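# Overview (structure and organization)
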Amino acid sequence: MALTTNVTCPFCSLLCDDLSVRSDHGQLDVSANACRLARQGFASPLPPAEARLKGIPATDGQAVKAAAKLLQKSNKPLIAGLGTDVDGIRAALQLAEKTGAALLHAQERYGAHNLNALQARGGIMTTLAEVKNRADTVVLVGNNVTGDYPRFMERFINNPHSLFTSQNRKLAYLGRPGRRELDECAGHAPVVISGHGIEIADNLALLRARLAQGRPSGGSSTPAAKTRKLDQVAGMIRDAEYGVLVWSPAALPQDHADLVISSIHDLLRDLNTRQRCAGLSLGGSNGGASFQTVATWQTGFPAGIDFRNGCPSATGADTSDADCLLWVSAFSGEPPPALDAPTIILSASRSGAADADVYIPVGIPGVDHPGNLFRTDSIVNMPLKKVRDSALPGAARVIRDIISETEGKPE
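Residues numbered from 1 in each chain as written. Predicted model: local features only at pLDDT ≥ 70, side-chain atom pairs only at ≥ 80, totals over all residues. Heavy atoms only, no water.

### As for a positive patch on the surface
Taken together, the side chains of K54, K65, K69 and K73 define a basic patch exposed on the protein surface. With respect to the helices and strands, K65 occurs in helix α2 (residues 60-73). Using a relative accessible area of 43% as the deciding quantity, one classes K65 as partly exposed. (Patch = residues over 30% accessible without salt bridge, like charges linked within 9 Å, V, L, I, M, F, W, Y side chains within 5 Å. Areas by Shrake-Rupley, 256 points an atom, 1.4 Å probe, with all protein chains shown as cover. Salt bridge = Lys/Arg side-chain N within 4 Å of Asp/Glu carboxyl O. Lys, Arg positive; Asp, Glu negative; His and termini not counted. Charge placed at Lys NZ, Arg CZ, Asp CG, Glu CD. Helix = DSSP H or I, 4+ residues; strand = E, 2+ residues; numbered from the N terminus. Buried < 20%, exposed > 50% of the residue type's maximum accessible area, 1.4 Å probe, protein only.)

Put into structure tokens, the structure is as follows:
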């Protein structure tokens, strides 16, 4: 039995780096600082280290050659999923350039809400460290904002080791908090202004009006109880030395997500004329934050990248015309979407392997091989350790083998 400490967990974009993981003959157990995502992720069994061609066992070399041939024959290849680490994303971009492919991350539909608002209005953003150490007032916007980030409250709201006393932190919700969120922040006596759908955007507009001098918080149709809560939250924000609004695009009503995020940025812009207040978006798990960062520095585009014209350009999310799919899923093992085209799967699970034209098992970054990932705030690039004895290759190595095959070079 081996114990590895100070392990970075790759299974959400908080990238908590204080885990202790025990390994016993390939079976992993998180013995310290586990959340449900860490327990599930590190306990993932190794897939059989055997590639498949249309369900028939094959060697890795045979599978790589078959994948290269499918991509070479394709006119409109698509590289999607992209659940991998920084090295895997760099390799995927290189393959896209070589084969004239489009790239689409599995979580791009959520990240697009942030990008749309930032392109239209700009943004004033902060980091996880600033939230932990400096924020004295935090407003969470959305429904169960931290549901996919189980240790956010523990590490950044209730952390007793922050530079300032976390017990004095004030907390509010614009939306419907999850039960776990309410339990974890009960000591802060949070103010909750419940709402769903377009109500969240309406409540942001009312709060913005209240914070503007000489303007009321609501009209005659606003219930008195809500008006009192809006006034209370407005007072909290006005008195804050460092206020932060936190949201997760996936936790917002999708029909109104662009509007809600734009309203947040409008409020932040107003507030920063007289005080310090910033935003923090939670998202980018499964390599999503890394894809946006790496793609931006390599191509100038953070999402929806298309090399089909020989150089990178922005494309929409409609990739229904793809005639070959390379699906990369090294974290969750999520199967690819149904597509009437040849499919190549690089995955840490056997999900979808039986139906794929080519299936090649790959290791999980931070479990089966070392790597790097960008955190949700896109500021810190966290190193990942290898904690399991595994011979599975990383997605980057397999993709580069495919590149070599497409160029006619030896593997």
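### Quick word on the packing of helix α8 (residues 198-211) against helix α9 (residues 224-239)
How two helices sit against one another is set out by the angle between their axes and by the gap between those axes. Taken N-terminus to C-terminus, the directions of α8 and α9 make an angle of 60°; their axes are 9 Å apart at the nearest point. Between α8 and α9, the crossing angle belongs to the class labelled oblique. In terms of crossing hand, the pair formed by α8 and α9 is right-handed. On α9, the residues touching N203, L206, L207, R210 and L211 of α8 are K226, L230, D231, V233, A234, I237 and R238. Of the residues contributing to the contact of α8 with α9, the split by class is seven nonpolar, one polar and four charged. (Axes fitted to C-alpha atoms, helices over the stretch in contact; angles between N-to-C directions. Parallel < 35°, antiparallel > 145°, perpendicular 65-115°, else oblique. Left-handed = near helix turned anticlockwise from the far one by under 90°. Contact = heavy atoms within 4.5 Å. Nonpolar A, V, L, I, M, F, W, Y, C, P; charged D, E, K, R; others polar.)

### Quick notes on the nonpolar core
Counting 42 residues, the largest nonpolar core has L14, F42, F152 and V246 as its most contacted members. For this core, the leading source of residues is helix α6 (residues 152-157), giving four residues. Viewed by domain, this core spans two of them, domain 1 (48-107 + 286-408) and domain 2 (111-281), each represented by three or more residues. Setting aside anything within four residues of it in sequence, one finds L14 in contact with L128, Y149, R151, F152, R155, F156, L282, R375 and T376. Counting residues in each nonpolar core, the second largest holds 40 residues, with A67, L95, V398 and I403 among its members. (Core = buried A, V, L, I, M, F, W, Y, C linked by side-chain atoms within 4.5 Å. Domains from an automatic or database assignment.)

### So, empty space enclosed by the protein
Going through the model one piece at a time under the given rule, you end up with two cavities of 30 Å³ or more. Computed from the structure, the largest cavity encloses a volume of approximately 60 Å³. Forming the walls of the largest cavity are C9, C12, L14, L15, C16, L19, N33, C35, A38, P150 and R151. For the lining of the largest cavity, a count of residues per class yields nine nonpolar, one polar and one charged. Here the second largest cavity is characterised by a volume of approximately 40 Å³. Lining the second largest cavity are P10, C12, S13, L15, G284, S285, N286, G287, L373 and F374. Its residues assigned to classes, the lining of the second largest cavity shows five nonpolar, five polar and no charged. (1 Å grid on protein atoms, 1.4 Å probe; cavity = no way out; pocket = protein on both sides within 12 Å on 5 of 7 lines; lining within 4 Å. Points joined across faces, edges and corners; volume = space filled by probe spheres on them.)

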